[in-house]
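What follows is the residue order along each chain.
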Amino acid sequence: MSELAVNDWVKQVIKTDEIDKYLIDGKDFIDEEVIKNELSVHRNPDKQQVRDIIAKSLRIERLEPWETATLLNVEEPDIWEEMYAAGLAVKRKVYDNRIVFFAPLYCSNLCVNNCAYCGFRYENKDEKRRILSMDEVRQETEAVISEGHKRMIVVYGEHPRSDADYIARTIETIYGVRKKARRGFGDIRRVNINAAPMSIADLKKLWNVGIGTYQVFQETYHKPTYAGLHPANTIKGNYRWRLYALHRAMEAGIDDLAIGALFGLYNWRFEVMGLLYHAIDLERQFGIGPHTISFPRMTPASGSFVSTHSKYLVNDEDFKKLVTVLRLSVPYTGLIITARERPELRRAVIRVGCTQTDASTKIGIGGYTAALKKLSYLEQSDQEIDKQQFTLGDTRHLDDVVRELAEMGMITSFCTAGYRCGRTGDKIMGLLKSCTEGKFCKLNAVLTFREYLDDYASPETKAIGENLIDQELAQIREIPFFRQGTLLETFEKMYQDTLKGKRDVYI
Ligand code: SAM
Ligand code: SF4
């Protein structure tokens, strides 16, 4: 593709009217002064006030910005301990002991933007550029399925070659792959994407091919920092085009949305407030907040000075605090912790309320297929800085992480039923807020965990997993909610069918 054609494409991406329509009196929902003021006036909070706010979270009610600002200002270690415990209690109330797994799939590192922290930025000449063909997407998907995954998040740089039509083709291709497993078969039942902001017309194309969740991270909500990291002459330089990406998705019919901030670019307390304001504005304009929130910490990227030298890099202790405050601020929203983080920190934040994570992750383009073929250069380190966007803190296999969680009493769920039973958008939000979704998911988690144990688990994981399933079955049989009508009977039949090799049965 010629440089001229690429430049012409870039010029037509942003539709100003698809920003302006969401503004109020010409203003967006991030007011830097208001956020700074909230963080400043709620310093040194009173213990009782903090406990009242925690009690509100435990009632599964979203916090107001002043309440979140109050939590962010807590200093006393004993109050933080109470907040960590409350984070886990909230998680258990809404999501029980389940952890949902997904696998990222990087389809292309071609990019027209120049984000200072990212290995894919166009000025990074060390990056080996590549975009997967549909055959390659199929091969990568097969490799991911072979690990036991059922859910993917597909990631793309922003480029005319990876435009909405390409993305739509990749989604269709992934849904079309089915691979024989030990007992049953494997497939990807939910394709989520992380891609650049698009127009409503382009988003409708993704909706038509069955996109799951649409994820866009604002990176930083702090406008001067945003401007410094994203050159103004690039698409990504337009803060508001990005800020309203998910509002446009709602209009296109995609009601499962994921927000996030890249922690390390600016003050972490400010970013937590930004995420909360984002959730509130989606709720205000569409009646539904985000389905998940991500809080990736910036990790070293090839040739990126800021990724290693930013003065805002977040240490482990603050990271745990920010996850806890998010858990308490939006109690019914999923929280995603990724393999960017080291195993011990992953364990720590799962304990304060994360609900989703990834494993067996490869973020090099074509990385899964290469690892499967055990290419010599991958055998050495498993990570290739010049083909991937950043570095991973945890390269363990899905089986190892599933086993570790089972040892912690947490059941891995590969459930994708909610979406396929119409439990999405405002319906799933209502169910989550009333803690009903967790009940359906408990059943589906057992069914999909059964599939995993029989199709993919190692003997060690299977042994530990069987104990966990027995405990879950015993609990399910005692819970009054399941004993209503024929729910328990239906579930028992589905469980028996799954044991016999039937796949993808869900309630
Ligand atoms: N190009 C699209 C965009 O920017 O929205 C989507 C793909 S981009 C590869 C996905 C996300 O990776 C970005 O939104 C950013 O938050 C994250 N990211 C970029 N550089 C990173 C780094 N050095 N460490 C951790 N995450 C990074
Ligand atoms: Fe491109 Fe996204 Fe990386 Fe920015 S973060 S350089 S837009 S891939």
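Residues numbered from 1 in each chain as written. Chains lettered and ligands numbered in written order. Predicted model: local features only at pLDDT ≥ 70, side-chain atom pairs only at ≥ 80, totals over all residues. Heavy atoms only, no water.

**Student:** How should I be thinking about the site of ligand 2 in this particular structure?
**Tutor:** The immediate surroundings of ligand 2 are formed by Cys111, Asn113, Cys115, Cys118, Phe120, Arg121, Gly157 and Lys236. Classifying every residue of the shell around ligand 2 by side-chain character gives four nonpolar, two polar and two charged. (Near = heavy atom within 4 Å. Nonpolar A, V, L, I, M, F, W, Y, C, P; charged D, E, K, R; others polar.)

**Student:** Whenever I open this one, unusual backbone geometry confuses me. Can you help?
**Tutor:** Leaving glycine out, the prevailing phi sign among residues is negative, and the prevailing peptide bond configuration is trans. In this model, aspartate 25 sits at a positive phi of 50°, which is unusual for a non-glycine residue. One can find aspartate 25 in the loop between helix H2 (17-20) and helix H3 (32-41). Relative accessible area serves as the criterion here: at 76%, aspartate 25 is assigned to the exposed category. Positive phi values are uncommon outside glycine, yet asparagine 44 reaches one of about 50°. Among the structural elements, asparagine 44 can be located in the loop between H3 and helix H4 (47-58). Accessibility expressed as a relative area gives 65% for asparagine 44, which makes it exposed. (Helix = DSSP H or I, 4+ residues; strand = E, 2+ residues; numbered from the N terminus. Buried < 20%, exposed > 50% of the residue type's maximum accessible area, 1.4 Å probe, protein only.)

**Student:** Would you mind showing me how to read the pattern of salt bridges here?
**Tutor:** Evaluation of the coordinates by the stated rule reveals 41 salt bridges. With a closest N to O distance of 2.7 Å, glutamate 341 and arginine 297 form a salt bridge. Residue glutamate 341 is located in the loop between strand E9 (334-337) and helix H16 (343-351), and its partner arginine 297 is located in the loop between strand E8 (292-294) and helix H14 (306-309); the two are separated by 44 residues in the primary sequence. Taking relative accessible area as the criterion, glutamate 341 reaches 4% and is therefore assigned buried. (Salt bridge = Lys/Arg side-chain N within 4 Å of Asp/Glu carboxyl O.)

**Student:** Can you walk me through the domain arrangement of the chain in this structure?
**Tutor:** How big an interface is tends to be stated in terms of accessible area lost as the parts join. Taken as a whole, the chain is organised into domain 1 (3-27 + 89-422) and domain 2 (427-499). Facing 39 residues of domain 1, the contacting portion of domain 2 comprises 29 residues. For the domain 1 and domain 2 pair, buried surface summed over both sides reaches about 2900 Å², with 60% attributable to carbon and sulfur atoms. In terms of surface lost to domain 2, no three residues of domain 1 exceed Arg182, Tyr332 and Ile411, which account for 20% of the buried area on that side. Where domain 1 packs against domain 2, one counts three salt bridges. Applying the counting criterion to the domain 1 and domain 2 interface returns 15 residue pairs in polar contact (both at pLDDT 80 or more). For the side of domain 1 that touches domain 2, the elements supplying multiple residues, two or more each, are helix H6 (77-95), helix H7 (134-147), strand E4 (185-187), helix H19 (398-407), strand E11 (411-413) and helix H20 (417-420). Here the side of domain 1 that touches domain 2 takes six residues from H19, the largest share from any one element. (Domains from an automatic or database assignment. Contact = heavy atoms within 4.5 Å. Buried area = accessible area lost by both parts, 1.4 Å probe. Polar contact = N/O pair within 3.5 Å; in protein donor to acceptor, adjacent residues only side chain to side chain.)

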